[in-house]
Amino acid sequence: MYDLIIIGAGTAGIAAYQEAIKYTQNILIVNDGPWDTTCARVGCMPSKVLISAANRIHEIENANLVGLNVVAEINTSQVMHHVRTLRDHFSNATLKDVNNWPTEHKISGQVQYVNQNTITVNSQKYQSKSFILAVGSTPTFDSQWKEQLGDRLITSDQIFELEKLPQSLAVIGSGVIAIELAQAMQKLGVKTTVFARSRKVGALSSPALQKLAQDEISKNLDIKFGKLPTAVQRGTDGVTIHFEENNQPKQLNVEYLLVATGRKSYLDTLLLNNIDHAYTDLKKLPVNSKTKQLGDYPIFIAGDAHTNTPIQHEAAHEGRQAVHNCLNYPAIKNLKTLTPLAIVFSAPEMATVGQSFKQLTDTKIEFITGTVSYEKQGRALVLAKNTGAVEVYVDKSSGKVLGAELFVEAAEHMAHLLAWIISENLTVDEILDKPFYHPTLEEGLRSALKHARRQLK
């Protein structure tokens, strides 16, 4: 009988193992598939390498915006090789650590539950006092489309394996992954078309910022809002996409079709109904949103196997904290304790910090919105990155910052500042007493906070 069995060796599972080994050697980690993370292999890291190359090209091609005349010959033939080389560097760093773990602590194979404290792996039974389920998720796609298109239908799991950049690409979806990859490909010279079910880009919930983002991103990217393909066909050298536009049938020929419409959990592979007959529908699993405990069992779900925040630092945090709940069961604590922080590496970047506009509106919290446009912001003009805006949400009674949404250059950095501010429960007055260096993009935050303070008074 083990003290703890961890199922899955992604970000959450690896973090859980690294924490658990500090307290007990009587542990086991089981994994089906590669022993590295989605982030390093097919997620955060390779996508940012691609985006970095795309942004560098964009800077070169738009050097005139800062008074430079540049004549450059840009060759993108090595971009995908560069992506994989750096991706492999990040993956190998993770695998090097995993390879140093004691062999008796890890097993490769698919897990299925027998009962609440027994699993099978490769036809062998293993029992544990507690479990962490960190099985992760996988991209979703239409299986019929896949049958028709074969390797011409790709997801974020396959796109980085392309030997070279395609000439053309269609993207289904307009969420975080879709927009990041579509913008990058367009900048890299790939003729890119986005089909979006709804009129939305990224994850911004503020109506004003969402509209601003749609307008700005659409300037350089063909997004067909409210349109999805009616049919797809495999051709000799790509994909033919059929759709309707202005009540007229249209078709588009592209080399690849990238589906980026969401992900599904691997929890359905575990036969959880052998724990409880009611556990047949993953959408109805009784998972505590704060503790991530499954029902009343000493079983905790960490990472993106069951979450509304599929984010690397959240997964690692949950994995580590779940260990303490397992080893101290039934004394358990909340796993979801971090100030919410989500970033989209679009151009401009998007970010949501703390409570979003939608969350505050839905819960009917009385708040005021401090806003600032970056069209005429000093440092933004200097950088020729003067687009976008920021909204800061402030509690009407206490003056504390509750959340913020950003669509602006360097949102990734300002979002961190705002997350730390929110975690410290600071008021607008307290924040405005802090230094704001001139000239910086952060001065725009001060303008938004001042706008909020004027409304408070």
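Before reading further, recall that the structure is shown in the block above.
Report follows, based on the coordinates. All residue numbers here refer to positions counted from 1 along the written sequence of the relevant chain. With pLDDT at 70 or above as the cut-off, local features in this predicted model cover only qualifying residues; side-chain atom pairs require 80 or more to be listed or tallied, and sums for whole chains, interfaces and linings still use all residues. No hydrogens and no water enter the side-chain calculation; it runs on all heavy atoms of the structure.

1. Observations regarding the overall build of the chain
Stage number 1. Helix and strand assignments follow DSSP, with helices taken as H or I runs no shorter than four residues and strands as E runs no shorter than two, numbered in order from the N terminus. What the chain contains, in helices and strands, is 13 helices and 23 strands.
Stage number 2. Our radius of gyration looks at C-alpha atoms and nothing else; its globule reference is 2.2 Å times the residue count to the power 0.38. A compact globule built from 457 residues should have a C-alpha radius of gyration of about 23 Å, and the chain, at 24 Å, falls within 12% of that.
Stage number 3. Summed over all atoms, the accessible surface of the chain reaches about 22,400 Å², with 48% contributed by carbon and sulfur.
Stage number 4. In the chain, the 46 positive side-chain charges and the 46 negative ones have mean positions that sit 3 Å from each other. Methods summary: accessible areas were calculated by the Shrake-Rupley approach with a probe of 1.4 Å, and residue burial reflects only the protein chains presented. Here the positive residues are Lys and Arg and the negative ones are Asp and Glu; neither His nor the chain ends is included. To locate a charge, take NZ of a lysine, CZ of an arginine, CG of an aspartate or CD of a glutamate.

2. Observations concerning the packing of aromatic side chains
Stage number 1. Planes of paired rings set the category: under 30 degrees apart is stacked, over 60 is edge-to-face and the rest tilted, where pairs are Phe, Tyr or Trp rings (Trp by its six-membered ring) whose centres lie within 6.5 Å. Here the structure, examined in full by the defined rule, presents seven aromatic pairs.
Stage number 2. Between Tyr279 and Tyr297, the ring centres sit 6.3 Å apart and the planes meet at 85°, which makes this aromatic pair edge-to-face. Highlighted residues: Tyr279 in the loop between β17 (263–265) and β18 (299–301) and Tyr297 in the loop between β17 and β18, separated in sequence by 18 residues.
Stage number 3. In this structure Tyr279 comes out as buried when scored by relative accessible area, which is 7%.
Stage number 4. One aromatic cluster is present, formed by Phe357, Phe367 and Tyr393 through successive ring pairs.
Stage number 5. Over a ring means this: the NZ of a Lys or the CZ of an Arg is within 6 Å of the ring centre and within 35 degrees of the ring normal. Over the aromatic face of Tyr256 sits the side chain of Arg152, whose NZ or CZ is 4.8 Å from the ring centroid. Residue burial is assigned from relative accessible area. The probe radius is 1.4 Å, only protein chains are included, and a residue is buried under 20% of its type maximum, exposed over 50%, and partly exposed in between.

3. Comments concerning empty space enclosed by the protein
Unfilled space is identified by rolling a water-sized probe across the atoms.
Stage number 1. Here a cavity denotes a set of grid points, spaced 1 Å apart and computed over the protein atoms alone, in which a 1.4 Å probe fits but from which it cannot get out, and a pocket denotes an open set meeting protein on both sides within 12 Å along at least five of seven lines; residues with an atom within 4 Å of a point are reported as lining. Grid points are joined across faces, edges and corners, and a volume is the space filled by probe spheres set on the points. Within the structure shown, the criterion is met by one cavity of 30 Å³ or more.
Stage number 2. Looking at the largest cavity, its volume works out to about 50 Å³.
Stage number 3. Taken together, the elements giving at least two residues each to the lining of the largest cavity come down to α3 (44–61) and α6 (176–187).
Stage number 4. Per-element accounting of the lining of the largest cavity gives the leading share, four residues, to α6.

4. Regarding the side chain of Ser128
Stage number 1. With respect to the helices, strands and loops of the structure, Ser128 is situated in the loop between β6 (124–127) and β7 (131–133).
Stage number 2. On the basis of relative accessibility, which here comes to 0%, the residue Ser128 falls in the buried class.
Stage number 3. Pairs of N or O atoms within 3.5 Å make up the polar contacts considered here, provided that, within protein, one atom can donate a hydrogen while the other can accept it, and that residues adjacent in sequence are counted only when both atoms are side-chain atoms. Among the polar contacts made by the side chain of Ser128, one reaches the main-chain amide nitrogen of Ile5 at a distance of 3.2 Å.
Stage number 4. Not counting residues up to four positions away in its chain, the partners in contact with Ser128 are Met1, Tyr2, Asp3, Leu4, Ile5 and Asn117. By definition in these notes, contact holds between two residues if any of their heavy atoms fall within 4.5 Å.

5. Structural notes on the environment of Ile241
Stage number 1. Here Ile241 lies in strand β14 (residues 239–245).
Stage number 2. It is 42 Å that separates the C-alpha atoms of Ile241 and Ala15, two residues lying 226 residues apart in sequence.
Stage number 3. Among all residues touching Ile241, those that are not within four sequence positions of it are Ala170, Phe195, Pro229, Ala231, Val232, Lys250, Gln251, Leu252, Val254 and Leu257.

6. Observations regarding the pattern of salt bridges
Stage number 1. By definition, a salt bridge exists where a carboxyl oxygen of Asp or Glu is found within 4 Å of a side-chain nitrogen of Lys or Arg. Scanning the model with the defined rule gives 21 salt bridges in all.
Stage number 2. One salt bridge in this structure joins Asp36 and Arg41, with 2.3 Å as the shortest N-O distance.
Stage number 3. On the basis of relative accessibility, which here comes to 6%, the residue Asp36 falls in the buried class.
Stage number 4. For Arg41, a relative accessible area of 24% translates into the label partly exposed.
Stage number 5. Of the charged contacts, one joins Asp429 and Arg453 as a salt bridge, the two residues approaching to 3.1 Å between their closest N and O atoms. Pair noted here: Asp429 is in helix α12 (residues 428–432) and Arg453 is in helix α13 (residues 442–456), with a separation of 24 residues, a long-range link.

Just distances and angles here, no functional claims.
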